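Architecture at a glance
Read off the chains here:
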Amino acid sequence: MKSESVSGGSGTHDVRQRTDHDLGDCVRALAEVHERDGYPVNWPERPGDWLTPPSLLAAWVVELDGRIAGHIGLSRSDAGDAAPGLWSDRTGVAVDGTAVISRLFVAPAARGRGFGALLMSHAVAEARGRGLHPVLDVVASDTAAAALYERLGWRLLATVEQRWGPGQTVAVRCYAAGD
C-alpha cells in the first residue's frame, strides 16, 4: 500500500511510506508521546536511529492536515524481540517467517481518529504480502496499546520479563496477528 488519502472528521489524512525527510517530524511527534505517555520507556540517545533500526523492512506515517500524526515500522526479528520466538515455538514456523510491528505511536493531538488501527492495517498487509506472520511486543503497562491490538484480533502469546539494562527488567506482552 503506497498511499491512502481520506477526508472526514476534522481534517484530511494521508498514510504513506515514511521517507528520510520525515524523520525530524517523526521525532518531534515521538517526543510529545514520550512526554505524555512515557513511550518509549527509555528515551533513545538518537531517536531518528531508533525509528530506523537495521532490521527495518518498511515504515509508514499518517499525516493529518499535512503534519505527521503517527508512525509505524515493520522489521525482521531482532535479538530483543520475544514474540517471534514464542510464535515459532507455538506454530513450528521459523522465526524468520515473522515480521515485527514496532515503533507505533500517534501524536496526542491526533488521537481518537482510528490512526493506530489504520497504521496497523498497512503494516499487517505488508507483512502478509511478504509471506510473513506479523507479531509484536508491547510493554505490559501500556494498556491502551494492548487494548488496540486485542480489538484488532491479535492474540496474546505470553507475558515475559525482559532485561533492558543493568537494573531494568520490564514485563512485555507478546502478540501475534490473528489469521
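Above this text sits the structure in question.
Keep in mind the model is a prediction, meaning the values are calculated, not measured. (Residues numbered from 1 in each chain as written. Predicted model: local features only at pLDDT ≥ 70, side-chain atom pairs only at ≥ 80, totals over all residues. Heavy atoms only, no water.)

**Quick look at unusual backbone geometry**
This is how it is decided: For the purposes of this entry, the term helix denotes a DSSP run of H or I that reaches at least four residues, the term strand denotes a run of E that reaches at least two, and both are numbered from the N terminus.
Pro 40 follows Tyr 39 through a cis peptide bond whose omega is -5°. Of note, Pro 40 is situated in the loop between helix H1 (23–37) and helix H2 (47–50). Positive phi outside glycine occurs at Arg 103, with the angle close to 55°. On the secondary structure map, Arg 103 appears in strand S5 (residues 98–106).

**Focus on the pairing of strand S7 (residues 155–165)**
Spelled out, the test is: Think of it this way: DSSP has to see at least two bridges between two strands before they count as a pair.
Relative to strand S8 (residues 168–176), S7 runs antiparallel, the two sharing nine bridges. Looking at S8, one finds that Arg 155 is bridged to Ala 176. The turn joining S7 and S8, which pair antiparallel and follow one another in sequence, is formed by two residues; a positive phi near 75° is taken by Gly 167.

**Some thoughts on the environment of Asp 49**
To be explicit about the condition: As used in this structure description, the phrase polar contact means that two N or O atoms lie within 3.5 Å; if the pair is within protein, one of them must be able to donate a hydrogen and the other to accept it, and residues adjacent in sequence are counted only when both atoms belong to side chains.
Note on placement: Asp 49 falls in helix H2. Linking Asp 49 and Ala 146, residues 97 residues apart in sequence, is a C-alpha distance of 25 Å. A distance of 2.9 Å separates a polar atom in the side chain of Asp 49 from a polar atom in the side chain of Arg 46.

**Comments concerning the pattern of salt bridges**
The following threshold applies: Counted as salt bridges are all cases of a side-chain nitrogen of Lys or Arg within 4 Å of a carboxyl oxygen of Asp or Glu.
A full pass over the atoms with the stated rule returns seven salt bridges. The salt bridge involving Glu 150 is made with Arg 173; its shortest N-O contact spans 2.7 Å. In this pair, Glu 150 is assigned in helix H5 (residues 143–151) and Arg 173 in strand S8, connecting sequence segments 23 residues apart. Here the salt bridges do not stand alone but share partners, grouping Arg 16, Asp 22 and Glu 63 into one network.

**Quick look at the environment of Cys 174**
Selection criterion: Here a residue-residue contact requires only that any non-hydrogen atoms of the pair lie within 4.5 Å.
By the secondary structure assignment, Cys 174 is in strand S8. Considered as a pair, Cys 174 and Leu 157 are 17 residues apart in the sequence and their alpha carbons are 5.4 Å apart. Leave out the neighbours within four places in its chain, and Cys 174 touches Ala 82, Ala 83, Leu 86, Leu 136, Asp 137, Arg 155, Leu 156, Leu 157, Ala 158 and Val 160.

Don't take any of this as a statement about function, it's just geometry.
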